[in-house]
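A closer look at the structure
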Amino acid sequence: MNVLWQMFPCKKTKRSLAELTAAILTDATLSNSNMMDYYATNPGPIDDSILYDQDKHVSAAVWEGQERGALRCHEHTSKLDRWLLSDKQIELVKKAGFGYLRLIPAISLDNPLISALVERWRKETNTFHMTVGEMTITLEDVAYLLGLPIDGEAVIGVTYTTCDSVCYKYLGKAPDSGYTSGGMVKLSWLKEAFSECPEDATIEDIECHTRAYLLYLVGSTIFSTTTGNKVPVMYLPLFENFDEAGKYAWGAAALSFLYRALGNASLRSQSTISGCLTLLQCWSYYHLNVGRPKLHHDPIHECFPFVLRWKGKHNGPTSNRDVAFYRKTLDSLKPTDVEWCPYANISHTVIPDNILNQLILGRSKTMLICYDKAERHLPDRCLRQFGMHQTIPEAVLKWERKTRGVDGGVDLSGKMETELSEWANRRFHIVEAEEDLDEGDYMNWYLKVTRRLVGRPIPISSEFQRMNAALRDIAHVADTLSTHGMDDQQIQSVTRIRYIAHECLRDYVGNSTVVTPNSQIDIGKMSRGKERVRRRGTSKRRKKDNCEEYYVSSIHQAQLYHVENEIDPQQHICITGNGVEEVEEEEEEEEQLSHGSEESPCEPEATTVVDIVNQSPLETSEDVTRQKDYGVTA
């Protein structure tokens, strides 16, 4: 419309065009005299000073119609109970700081819920950008849910590119080459070789078996990787002395690892996630009334760590919930759906004193470290999780996210001096509350800088119809506009507008057709029920069968490319989200990607199936708004 405005210098003509433009926009965007919600066309951020990487984020792809389906979730808690630990081994595990983590239950991961949460995670702030404000997993959550120490020395040390020497030194044996990959060893080898310690074992053998268990434990839970079944051996030297191992801030390292995994998974090019997903899911259960299962017991009688609340199977209608369902739920999240302080009513008598004494660090604005993974902990952005009023937080300074690279034998302490210094000063940066504060200013600011919506309130098919109707309006105006009194330049401009409008109609509409949702298959969903997870090798394009396939690089432009053969009205257009670049992985059949998730080796990648139906050539935006209600409630 700005083009129309600039083409006519005459004030009278400008006024007429302005009225015409307003009328066209009103017809195209109003329904039953109600103005469409502004965010239906602009989900945010309006101010990109905070979320400066929006174009790389998965929410940008979802808005364009590029569904990636549920993420592949890598965690292997299901086989932890197959390790038979002696009393002496359990004593050593407790000394090392993992006495509570070893109790972590095998929770059935809800891949669609995790995937929807990832869509709201922002690596620029290390927080979830919810409709009610920012939230995050804090050090306090880690302490309560996992029982890991959140205070102590930073988890950092030497990297390795081979396994033999370090395994010989700390485990007493080395795996065959088939069980290793660079500086990583397969979890299956650790279980096969060390899951049961002989009764007559020497102290040295007991310690080797315990180190193997600890490596398996962290590799299955807090440090699980996207390889699916391997763990880096670089953690082994930290278990050399079990008393010294207990002095590390394992909880802070676990959170740093999860932050990095969430940030990577939030990119539109990724389709996997690792880290402690049990922590993520249980955090959601405690804080959000979204997908939360029903408990079989009274929550007053809590066991520590609190992740045990969700142990075992629970009743709940989760079987018919996919990513689209959870996305819509989070897009419409209300303050009443949020438990800001879920641990407040739990008796603290069950919490060990050493954990209670460290909880103050939940409010520490500091740097979390796990080897090369250094991530900012920013509790000032989610003060309501500590029972405080939320203020407008300080701007987040960008920091370099370093990687280990390929060099072995490198002590990362020398490369992380700044980060280590920040962690050393963690107790000097505890955020405090401000009294009698009105949070209205915060919410006004927040709504400008956040991504308010992930899913479209109006389906792309409906927007296609609206755009098509608006093009017809413009073409009609250009066809019927009188050129009397116009000069040659103005007449040429009107002719050009007429030509462009009709060309767009031919490009977008083709044989007088529009896109409407298939009555049997919802747009953007592969299937109802727990969304199936794509496995490696199943992302091949479907062969053309009874329908022509159209690949859309930018759905929001609604460009449908023509094929040589005439399209039958009964045929379907299959729109695939092909833009997702897969992370190269090696997976072992015996290892589960996520407990309780269904998988099909022949499952195609997520597709949008829509019908082609004829549209009346006389249909305008007025007709479209009569047929559909585009009103959106805030």
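Before reading further, recall that the structure is shown in the block above.
Residues numbered from 1 in each chain as written. Predicted model: local features only at pLDDT ≥ 70, side-chain atom pairs only at ≥ 80, totals over all residues. Heavy atoms only, no water.

**Re the state of the cysteines**
- Under the criterion given, the structure shown has 0 disulfides.
- Free cysteine: Cys-276, not disulfide-bonded; nearest cysteine sulfur from Cys-282 at 8.5 Å.
- By relative accessible area, which is 0% here, Cys-276 ends up buried. (Disulfide = S-S within 2.5 Å. Buried < 20%, exposed > 50% of the residue type's maximum accessible area, 1.4 Å probe, protein only.)

**Observations concerning the packing of aromatic side chains**
- The tally for this structure, following the rule as stated, stands at 25 aromatic pairs.
- Note on Phe-128 and Trp-283: the rings are 5.1 Å apart at their centroids and 25 degrees apart in plane angle, and the pair reads as stacked. Of this pair, Phe-128 sits in strand β5 (residues 127-130) while Trp-283 sits in helix α12 (residues 277-287); the two residues are 155 residues apart in sequence, bridging distant segments of the chain.
- Look at Trp-283 and you get buried, because its relative accessible area is 0%.
- Ring pairing ties together the aromatic residues Phe-98, Phe-223, Tyr-235, Phe-239, Tyr-248, Trp-250, Phe-257 and Tyr-371, which thus form one cluster.
- If you follow Lys-173 out to its NZ or CZ, it ends over the ring of Phe-194, 5.2 Å from the centre. (Phe/Tyr/Trp six-rings, centres within 6.5 Å; stacked < 30°, edge-to-face > 60°. Helix = DSSP H or I, 4+ residues; strand = E, 2+ residues; numbered from the N terminus. Lys NZ or Arg CZ within 6 Å of the ring centre and 35° of its normal.)

**Re helix α4 (residues 87-95)**
- Every buried residue of α4 is accounted for by Gln-89, Ile-90, Leu-92 and Val-93. Viewed end-on, α4 has its buried residues packed into an arc of 160 degrees, placing them on one side of the element. Within α4, the exposed residues directed more than 90 degrees away from the buried face are Asp-87 and Lys-94.
- Note on α4: the residue one or two positions beyond its end, Gly-97, has a positive phi of about 100 degrees. (Arc of directions from axis to C-beta.)

**Here we look at unusual backbone geometry**
- The omega angle of the peptide bond from Gly-44 to Pro-45 is -5 degrees, so this bond is cis rather than trans.
- Within the element layout of this structure, Pro-45 appears in the loop between β2 (34-35) and α3 (58-63).
- Each neighbour pair has its own omega, and for Phe-304 with Pro-305 the value is 0 degrees, a cis peptide bond.
- Structurally, Pro-305 is set in the loop between α12 and α13 (323-331).
- For Asn-126, which is not glycine, the phi torsion reads 55 degrees and is therefore positive.
- By the element assignment, Asn-126 lies in the loop between β4 (121-122) and β5.
- Even without being glycine, Tyr-371 reaches a positive phi, approximately 55 degrees.
- Within the fold, Tyr-371 resides in the loop between β11 (366-370) and β12 (373-377).

**Quick look at the sheet that holds β5**
- Taken together, 3 strands build an open sheet; the order of strands is β4-β5-β6 and the sheet is antiparallel. At either margin of the open sheet sits one strand with a lone partner, and together these are β4 and β6 (133-135).
- As paired strands, β4 and β5 are joined by 2 bridges and run antiparallel to one another. Bridge assignment links Trp-121 to a residue of β5, and that residue is Phe-128.
- Sitting on the sheet, helix α16 (residues 440-449) touches β5 and β6, and the angle it makes with β6 is about 85 degrees. (Pairing = 2+ DSSP bridges. Contact = heavy atoms within 4.5 Å. Axes fitted to C-alpha atoms, helices over the stretch in contact; angles between N-to-C directions.)

**What to know about the nonpolar core**
- Membership of the largest hydrophobic core comes to 116 residues, with the highest contact counts inside it found for Phe-98, Leu-190, Ile-222, Tyr-235, Ile-273 and Leu-288.
- Tallying contributions element by element places helix α11 (residues 250-265) first for this core, with 11 residues. (Core = buried A, V, L, I, M, F, W, Y, C linked by side-chain atoms within 4.5 Å.)

**What to know about the pattern of salt bridges**
- Counting across every chain of the model gives 21 salt bridges.
- Two residues, Asp-151 and Arg-427, come together in a salt bridge whose shortest N-O distance is 2.8 Å. Of this pair, Asp-151 sits in the loop between α6 (139-146) and α7 (164-171) while Arg-427 sits in the loop between α15 (417-424) and α16, and the two are 276 residues apart along the sequence.
- Look at Asp-151 and you get buried, because its relative accessible area is 17%.
- A salt bridge links Glu-244 to Lys-247; the shortest N-O distance between them is 3.1 Å.
- By relative accessible area, Glu-244 is classed as partly exposed at 41%.
- Residues joined in a network through salt bridges with shared partners are Glu-67, Glu-119 and Arg-327. (Salt bridge = Lys/Arg side-chain N within 4 Å of Asp/Glu carboxyl O.)

**Here we look at a negative patch on the surface**
- Taken together, Glu-196, Glu-199, Asp-200, Glu-204 and Asp-205 make up a surface patch of like negative charges.
- Given a relative accessible area of 85%, Glu-199 falls into the exposed group. (Patch = residues over 30% accessible without salt bridge, like charges linked within 9 Å, V, L, I, M, F, W, Y side chains within 5 Å. Areas by Shrake-Rupley, 256 points an atom, 1.4 Å probe, with all protein chains shown as cover. Lys, Arg positive; Asp, Glu negative; His and termini not counted. Charge placed at Lys NZ, Arg CZ, Asp CG, Glu CD.)

**Topic: the pairing of β5**
- Of the two faces of β5, both are covered, the one formed by Thr-127 and His-129 as well as the one formed by Phe-128 and Met-130.
- Hairpin connection of β4 to β5: 4 residues between the antiparallel strands, including Asn-126 at a positive phi of 55 degrees.
- Examined bridge by bridge, β5 and β6 share 3 bridges and lie antiparallel to one another. When the bridges of β6 are listed, His-129 appears paired with Glu-134.

**Looking at the packing of helix α8 (residues 187-194) against helix α9 (residues 203-220)**
- Here α8 crosses α9 at 150 degrees, and the two axes come no closer than 10 Å. Judged on the interaxial angle alone, α9 and α8 are roughly antiparallel. Relative to α9, the crossing made by α8 is left-handed. Residues Leu-187, Leu-190, Lys-191, Ala-193 and Phe-194 of α8 form the contact with α9, whose participating residues are Cys-208, His-209, Ala-212, Leu-215, Tyr-216, Gly-219 and Ser-220.
- Residues of the contact of α8 with α9, tallied by class, amount to 8 nonpolar, 3 polar and 1 charged. (Parallel < 35°, antiparallel > 145°, perpendicular 65-115°, else oblique. Left-handed = near helix turned anticlockwise from the far one by under 90°. Nonpolar A, V, L, I, M, F, W, Y, C, P; charged D, E, K, R; others polar.)

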